Amino acid sequence: MPSAGAAAQGDGKIDTDNKNGQAAGEQGKLLEGKETILQIGDKKEKATMFNDHHWSKIRDEDEITNEDLQKFSFAKMGEGGGKGGNKMAFASGYIVKELGDGDHNSLLKRTKPLAEKMLSKDTLLSRFYAHFKIRGEYYVVMKNCLPAIKKWAYLFDLKGCRDDKAMCMEGEKVPAVHKRCFSCLVCWYCCDMQCCPCYPDDRRRYYNGKTLAFELDIPFTPDQAQQIKRLIKQDSEFLRGIETMDYSLLLAWVEEDEKLVKEGQMSEEFKKALDLSKFVSVKGGKVRAYFMGVIDFLQEWNIKKDIANCIKACAPKPLSTIPPPRYADQFRDNLNERINGDAEEFKLEPDNKAEAGGDGGDGDDGKEKDMPAPEGEAIEMDAIEVKLEDKTESEPLVPIKPQPDEDNKARSEQPQPKEVENQTETEPLVPNTAEPEKEEPEKEEPEKAEPEKVEPEKAEAETAEPETAEPEKEEEQEEEREETKEKKEEKKEEKEDKTETETEPLAPVAAVPGENKEEAEEKNGNEEEDNKNDDKEEEEKEKVVEKKEEEEEDTSS
């Protein structure tokens, strides 16, 4: 196991060339577990890896293999566009950037806190995958916080000061034209007077881009703005703690007309951006997909920066050459003022989202694609179909009943003789060819058998015989009528007998001894009135009963 001194050596500069004259065995012990040899680049050159036990964890998490580190070429490295002029090479998903001695030593000192911060994922810091040395030069492999979009609408490098710049505007790159102290003899050095006839177009475009970047308002949704401000605050506090400065927020976006996006008429670049972006918003009829990351966070405050601060004493404020604590506050406060929550959330409808993710509908002939239903709904539909199939198989065949014409309607409603019913029962059943969903089987009532409706031609032939049966029915009806008349006469006679008995004069009530005659007469009179009232009530009741009986007889006849 390495000693404490070895651990300190691992976080500091590693002397792989053995320039201090240490023995090879001692140097091997100091670097045990800290130095790794890997093949880097398309030529598979051997490179010395620094503190790879930290960076390999991030590679494993992002599924970057050792073979992936061989997918770039040192021969294609070019200037990255910064003031330092460090070379860069772009590969699939990562960037290889050349490091100066100052950034290399800064990274060695800060490897552990930076690796832990990057593994937390709650940060905008661009992730590092490897730190190595090859052919005497130092390099870092870092994640590209911007996807492989060929044409950005806008691309900015924001430091929260006058050094903000636009790297791409309206889909075109903006070349950097800096003012250097050694170019002070140029007529436009002292001031950016765009009306000057010798003012170059490249400088004019670059200067306009810097002005736009410094005054830029960045609209997000309220939730997105709150999240980005929180991450900027956390990262600035972290970088204050490790005492670095001059870092910047790399911000880029692509945009498209909202109406075209909702109709699915968008470019392939924009479709890709919608799938990859975590921050999509819409404002002013434009849909924006944002990408961002904090870069260049290895610069220490040193004597060079102190001198630059003095030289820029008269330069427009705010400056970037300020100590780390002030730079962290300036970076946080300035960017938080520009980021606002004025935009609205953009949601692509499912149909348009399917069109955006598809191949444009080739081969579909304009037909809509069948969308798969959820599993639960599919199961229910299958069950319904099975029930319908079972129901149609088990249903009895129902004979089709022809509807009679209006002329024969009365004839069809009359009860048919038994011979006709027997004939209809023996008729062959016609299969029901109607759909099972539309026609339901009729419920047969066992007690009441409705007469079969017969076609007009058959009805004339079948109803020819019932002439012999009609006289018999008429005789039966006459007998019933005579019986009812006899019953009525009997009831009348009974009523007359009752009335005679009731109307007989009541015998005078004998006077009770000791009672006056007047009192006895009053009692007799009261009893007679009571009897008369009872007679009237009975007569009314009998009239009601007679009416009911007459109505019943009429209905039965």
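These numbers come from a predicted model, not from an experiment.

**Some points on the pattern of salt bridges**
Then step 1. In total, this model carries 23 salt bridges according to the counting rule given.
Then step 2. For E300, the salt bridge identified is with K109, shortest N-O distance 3.7 Å. With E300 in strand β16 (residues 299-300) and K109 in helix α4 (residues 101-109), this residue pair connects regions lying 191 residues apart in the sequence.
Then step 3. By relative accessible area, which is 53% here, K109 ends up exposed.
Then step 4. Its salt-bridge partner being K117, residue D235 comes within 3.9 Å of it at the nearest N-O pair. Note that D235 is positioned in helix α7 (residues 222-241) and K117 in helix α5 (residues 111-119), a separation of 118 residues in sequence. Here the two residues D235 and K117 agree in accessibility, since each one is buried.
Then step 5. A single salt-bridge network, built from bridges that share partners, covers E237, R240, D329, R332 and D333.

**Quick look at the environment of V141**
Then step 1. Locating V141 in the fold gives a position in strand β7 (residues 137-143).
Then step 2. Accessibility expressed as a relative area gives 1% for V141, which makes it buried.
Then step 3. Separated by 53 residues in sequence, V141 and M88 place their C-alpha atoms 9.9 Å apart.
Then step 4. Other than its neighbours up to four places away in sequence, V141 contacts L69, Y94, I95, V96, R127, F128, Y129, A130 and F132.

**Notes on the side chain of E256**
Then step 1. Structurally, the position occupied by E256 is in strand β13 (residues 248-257).
Then step 2. Buried charge without a salt bridge: E256, with K286 as the nearest opposite-charge side chain at an N-O distance of 5.9 Å.

**Points about the sheet that holds β13**
Then step 1. The seven strands are arranged β10-β9-β8-β13-β15-β14-β18 in an open sheet whose pairing can be described as antiparallel. Of all strands in the sheet, those with a lone pairing partner are β10 (172-173) and β18 (344-345), marking the two edges.
Then step 2. The sheet contact formed by strand β14 (residues 279-283) and β18 spans two bridges and is antiparallel. Across the sheet, V282 pairs through a bridge with E344, a residue of β18.

**Observations regarding the packing of α5 against α7**
Then step 1. The interhelical angle for the contact between α5 and α7, taken along N-to-C directions, is 170°, at an axis separation of 12 Å. The angle between α5 and α7 falls in the class roughly antiparallel. Across the interface between the two elements, P113, L114 and K117 of α5 pack against Q234, D235 and F238 of α7.

**So, a nonpolar patch on the surface**
Then step 1. Nonpolar side chains collect at one region of the surface, where I303, I307 and I311 lie side by side and expose about 350 Å² of accessible area between them.
Then step 2. Along the polypeptide, I307 turns up in helix α10 (residues 303-311).

**Quick look at the environment of K229**
Then step 1. Positionally, K229 belongs in helix α7.
Then step 2. Each C-alpha atom of the pair K229 and L335 lies 8.1 Å from the other, and the pair is 106 residues apart in sequence.
Then step 3. Residues contacting K229, with those up to four places away along its chain left out, are N336 and I339.

**Examining the pairing of strand β15 (residues 286-295)**
Then step 1. Among the ten residues that make up β15, nine are buried, leaving the element largely enclosed by the rest of the structure.
Then step 2. Where β13 meets β15, ten bridges bridge the pair, whose relative direction is antiparallel. Within the sheet, the bridge partner assigned to E255 lies in β15 and is R288.
Then step 3. By the bridge criterion, five bridges tie β14 to β15 in an arrangement that is antiparallel. Among the inter-strand pairings, V280 is bridged to a residue of β15, identified as A289.
Then step 4. From the end of β14 to the start of β15, which pair antiparallel, there are two residues, and G284 there has a positive phi angle of about 60°.

Rules and cut-offs
In every chain, residue numbers begin from 1 and rise along the written sequence. Where local features are concerned, this predicted model is filtered to residues with pLDDT of at least 70; where side-chain atom pairs are given and counted, the filter is 80 or more; whole-chain, interface and lining totals use all residues. The side-chain numbers reported here are obtained from all heavy atoms of the structure, hydrogens and water having been left aside. Should a side-chain nitrogen of Lys or Arg be within 4 Å of a carboxyl oxygen of Asp or Glu, the pair is scored as a salt bridge. Strands here are runs of E lasting at least two residues and helices are runs of H or I lasting at least four, both read from the DSSP assignment and numbered beginning at the N terminus. Burial here depends on accessible area, computed with a 1.4 Å probe over protein chains only, as a share of the maximum for the residue type. Under 20% is buried, over 50% is exposed, and the range in between is partly exposed. Note on contacts: a residue pair qualifies if any of its non-hydrogen atoms lie within 4.5 Å across the two residues. The charge count treats Lys and Arg as positive and Asp and Glu as negative. His and the chain ends do not count. Here, any two strands with at least 2 DSSP bridges between them count as paired. Lines fitted to the C-alpha atoms define the axes, with helices restricted to the stretch that makes contact. Angles between their N-to-C directions range from 0 to 180 degrees. For classification, angles of less than 35 degrees are called roughly parallel, those exceeding 145 degrees roughly antiparallel, those between 65 and 115 degrees roughly perpendicular, and all remaining angles oblique. Surface patches are drawn from residues lacking salt bridges whose relative accessible area is over 30%; two like charges belong together within 9 Å, two nonpolar side chains (Val, Leu, Ile, Met, Phe, Trp, Tyr) within 5 Å. The Shrake-Rupley method, run with a 1.4 Å probe, gives the accessible areas here. Residue values count only the displayed protein chains as cover.

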